[in-house]
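One-letter residues, chain by chain:
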Amino acid sequence: MGSIVEHPELVNEIFLTQEKNKAGIYAIRLFIRGKPWIVTVDDEVIMWRSRELKYAKLGENNAMWGPLLEKAWSKVKGNYLNSESDNVGSAMKAFLGFPVFGYSTGANIGYEVEVWEGLRDSEIAGNLLSVQTSGNSDADVNEFGIVRNHAFPILSVFSLDDTDSNTVLHRLYMMRNPWGRTEYNHTWSKDDPNWSQEFIEQVPFGVDPRTAHEHGIFFIEAGDFLNAFITF
């Protein structure tokens, strides 16, 4: 779900039931084996004893689309555990019905420039981009401070340039943790002194890299990208 959260228009297409109703029943369109299926779920979700949702959280204005969509996917997969262990490409195909291509980061070590250029071209073409980390539990983080066993949308593939010579100095990815928080601790973190004013002004969408962590946004260089994630 992390990749489509940045595209509300796609979320709207998934939900056949658009309004909250007294029955608490919602029809959700998924694609199973490439064919559209209607999956119905109710609005009862699993909570901890603290009354906090155990899995997907509420969105802005207490929006329930995240927990409902996760419940529909878990229904298709058999249970929540099966849906958690699935890869991001499988879920994307089911949610959107789009062709999905996945690649191993390990197989591309040493080709960080080529991968960056390919993903930049894919972004320009309007494709959705996401990555996934390895691991068994999203309660853990890897050496970069990035949550394990978790999917992240790529918000932008961009470069930091020498504005005088128009030379590419750094190739970066702008990422976002759908949870709205990040503990990324490597190069180009919020406290990295490399963030000069000239570089800050080149960040897409006017995002300030010094405060973007408050919204789960972080930045990672092309070389580190292949080591921090397992697939893209």
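It should be noted that the structure appears before, not after, this text.
In this text, all values refer to a predicted model and were calculated from it rather than measured experimentally.

Criteria and thresholds
Residues numbered from 1 in each chain as written. Predicted model: local features only at pLDDT ≥ 70, side-chain atom pairs only at ≥ 80, totals over all residues. Heavy atoms only, no water. Pairing = 2+ DSSP bridges. Helix = DSSP H or I, 4+ residues; strand = E, 2+ residues; numbered from the N terminus. Axes fitted to C-alpha atoms, helices over the stretch in contact; angles between N-to-C directions. Contact = heavy atoms within 4.5 Å. Buried < 20%, exposed > 50% of the residue type's maximum accessible area, 1.4 Å probe, protein only.

Undergrad: Before we go on, may I ask you to explain the sheet that holds strand β3 (residues 130-132) in this structure?
TA: Sheet strands pair via backbone hydrogen bonds, and the direction of the pair is either parallel or antiparallel. If you walk across this open sheet you meet the four strands as β3-β4-β5-β6, and the pairing is antiparallel. Either end of the sheet is taken by a strand with one partner, and the two such strands are β3 and β6 (217-221). When the angles between neighbouring strand axes are averaged without regard to direction, this sheet yields 40°. Pairing of strand β5 (residues 167-176) with β6 involves five bridges; the strand directions are antiparallel. Bridging across to β6, M174 finds its partner in F219. Against the sheet, helix α5 (residues 112-124) touches β4 (151-162) and β5, its axis set at about 110° to β4.

Undergrad: How should I be thinking about helix α4 (residues 88-96) in this particular structure?
TA: An α-helix turns once per 3.6 residues; consequently, residues spaced three or four apart project the same way. Most of α4 is tucked away: seven of the nine residues are buried. Along α4, the residues classified as buried are V88, G89, A91, M92, A94, F95 and L96. Buried residues along α4 sit against α1 (8-14), β1 (25-32), α2 (65-77), β3 and β4. Just downstream of α4, G97 is the residue with a positive phi angle, here 75°.

By themselves these figures say nothing about function.
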